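Single-letter residue listing:
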Amino acid sequence: MISQIYDLHCHSTTSDGALSPDELVTRAAEQGVTTLALTDHDSISGLEQARQCAQQRGITFINGIEISAQWEKQCLHIVGLHIDSQHDAIENITRHLDKMRYERAEKISQKLAKKGIHGALDFVQKAVGEGMVTRTHFADFLVAHCHADTQQQAFDRYLGDGKVAFVATTWTPFDVAIKAIVDAGGIAVLAHPLRYKLTASRMKKLLAAFKLAGGQAMEVVTGRYNPDEIRILGNYANQFELAGSVGSDFHSPANQWIELGRLAPLPTNVKPVWELFP
Ligand code: AMP
Ligand code: MN
Ligand code: MN
Ligand code: MN
């Protein structure tokens, strides 16, 4: 049997990735990925192109999305896998978040202008095209105009939470995001659970709430986790009876630390999310 390589979390130019959907699928195939889910931020517009390319390349393609959601005061990312991308519930969320993201972009641009940095919105609009506008596009603008050396520095100086050009946003309520994914026939997966920097007790509260709201899986293996973290996440998955997902969260070939399909194996005591695929 040919060994399967799954990557169930990555981004294209439809949100803040550097590669177009077909460039992304081509790269995934070259890296040996056998099942790929494209999970752009709050957008499904890249799925059709990616699916066609995956068919040509002979790899299995899964419709995905990464929804920006609000749980208490926390912004969380919920990945939806195997969704019907035409479903009204998904359409409503993407339309709403597209509008919110555009309004936030106008405010970010105004905040930058107050600091003497002009032209951000124009630059970002051109870069985004038909895709979703994200803070990463603003980071690219700041780097291109020499206000930061790297994307990371742009976040640290301007765009990160609480920084001068940060604009607080109320994202889609967590339970609404999960319900939309489930209603659209998909599996709701809590993305990169360690990135929220929660205490153990808050993590448990989150996982219980996620499960209660209809969540079925959590990411256990992502691009940057070490073996200890994977073990901890595997144990949480078991404790809360959630399946485990694997996804690189690949954005760009420029990030040499993260590659499509280059992921540690799921711990053997964790039920793989793909066993839930229809
Ligand atoms: P947004 O969803 O528009 O707020 O943008 C969030 C995106 O920006 C994330 O998906 C990351 O790709 C990127 N991002 C967020 N925080 C940072 C950071 N501190 N450094 C670099 N990239 C970041
Ligand atoms: Mn991103
Ligand atoms: Mn994310
Ligand atoms: Mn992501």
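Residues numbered from 1 in each chain as written. Chains lettered and ligands numbered in written order. Predicted model: local features only at pLDDT ≥ 70, side-chain atom pairs only at ≥ 80, totals over all residues. Heavy atoms only, no water.

Draft legend 1. The coordination of the manganese ion (ligand 2), seen in detail. Binding of the manganese ion (ligand 2) to the protein goes through Asp16 (OD), His41 (NE2) and His251 (NE2), at separations of 2.2 Å. Ordering the donors of the manganese ion (ligand 2) by residue number gives the pattern D-x24-H-x209-H. Separating the manganese ion (ligand 2) and the manganese ion (ligand 3) is a distance of 5.8 Å. With histidine 41 in the loop between β2 (35-38) and α2 (47-57) and histidine 251 in the segment after β8 (243-247), this residue pair connects regions lying 210 residues apart in the sequence. Residue classification places histidine 41 among the buried residues on the basis of a relative accessible area of 9%. A relative accessible area of 25% means that histidine 251 is categorised as partly exposed. (Donors = N, O, S within 2.8 Å, 3.2 Å for Na, K, Ca; no water. Helix = DSSP H or I, 4+ residues; strand = E, 2+ residues; numbered from the N terminus. Buried < 20%, exposed > 50% of the residue type's maximum accessible area, 1.4 Å probe, protein only.)

Draft legend 2. Main features of the coordination of the manganese ion (ligand 3). Summarising the metal site, the manganese ion (ligand 3) is bound by the protein donors Glu66 (OE), His77 (ND1) and His192 (NE2), whose distances to it range over 2.1 to 2.2 Å. Taken in sequence order, the residues that donate to the manganese ion (ligand 3) follow the motif E-x10-H-x114-H. Judged by relative accessible area, histidine 77 falls into the buried class, the value being 16%.

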